[in-house]
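Take a look at the letters that make up each chain.
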Amino acid sequence: MLLYVSDHKRKLHIPQNAPLESSVWQAIELFDCLPESDGSYIGFIDLKYQVMRITKYNKYVWIIKVQQPQRHGSLQGYFTKYKCRRIISEIFGGVPMHRVEGLSFEADF
């Protein structure tokens, strides 16, 4: 699994167009360290080039988006930090990103 991240607080930036190979433990550690208020995010690219991004939505919730460019939108869902950790573990374990429970399609505007 490839990982990209933007952590404004720690000034850590791995761009989506130059992601790095990651283990599930590295991914969860980076996710846990993300600040909860400044637009920082973490994303993943699987072997089929599906892209998932996790961004803080509000005080208690994170938004997960799985890009669906062929459908002109993305699969989206709102989750707690605990559930996001579980989802990260699931996708590293082989669950396809588009099969993550709780995601629904939202068209681009």
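Residues numbered from 1 in each chain as written. Predicted model: local features only at pLDDT ≥ 70, side-chain atom pairs only at ≥ 80, totals over all residues. Heavy atoms only, no water.

1. Focus on the overall build of the chain
Alright, step 1. The helix and strand inventory of the chain stands at two helices and eight strands.
Alright, step 2. Here the chain has a C-alpha radius of gyration of 13 Å; the compact-globule value for 109 residues is 13 Å, and the two agree.
Alright, step 3. Taking the principal axes of its C-alpha atoms as reference, the chain extends roughly 35 × 30 × 25 Å.
Alright, step 4. The proportion of buried residues among the 109 residues of the chain is 43%.
Alright, step 5. Long-range contacts, defined here as pairs at least 24 residues apart, represent 51% of the contacts in the chain between residues at least 6 apart.
Alright, step 6. Accessible surface for the chain amounts to roughly 6,600 Å². Of this, 55% is attributable to carbon and sulfur atoms.
Alright, step 7. Taking the 14 positively charged and 11 negatively charged side chains of the chain as two groups, their mean positions are separated by 3 Å. (Helix = DSSP H or I, 4+ residues; strand = E, 2+ residues; numbered from the N terminus. Rg over C-alpha atoms; globule rule 2.2 N^0.38 Å. Buried < 20%, exposed > 50% of the residue type's maximum accessible area, 1.4 Å probe, protein only. Contact = heavy atoms within 4.5 Å. Areas by Shrake-Rupley, 256 points an atom, 1.4 Å probe, with all protein chains shown as cover. Lys, Arg positive; Asp, Glu negative; His and termini not counted. Charge placed at Lys NZ, Arg CZ, Asp CG, Glu CD.)

2. Remarks on the nonpolar core
Alright, step 1. Of all hydrophobic cores here, the largest spans 26 residues; its most connected members are Ile42, Phe44, Met52 and Ile54.
Alright, step 2. Among the elements that take part in this core, helix α1 (residues 24-33) stands out by supplying five residues, more than any other. (Core = buried A, V, L, I, M, F, W, Y, C linked by side-chain atoms within 4.5 Å.)

3. Quick look at the side chain of lysine 56
Alright, step 1. Inspection of the secondary structure puts lysine 56 in strand β5 (residues 51-56).
Alright, step 2. Within the structure, the side chain of lysine 56 is placed 3.0 Å from the backbone oxygen of lysine 59, a separation counted as a polar contact.
Alright, step 3. Sequence-distant contacts of lysine 56, defined by excluding residues within four places in its chain, comprise Glu36, Ser40, Val61 and Trp62. (Polar contact = N/O pair within 3.5 Å; in protein donor to acceptor, adjacent residues only side chain to side chain.)

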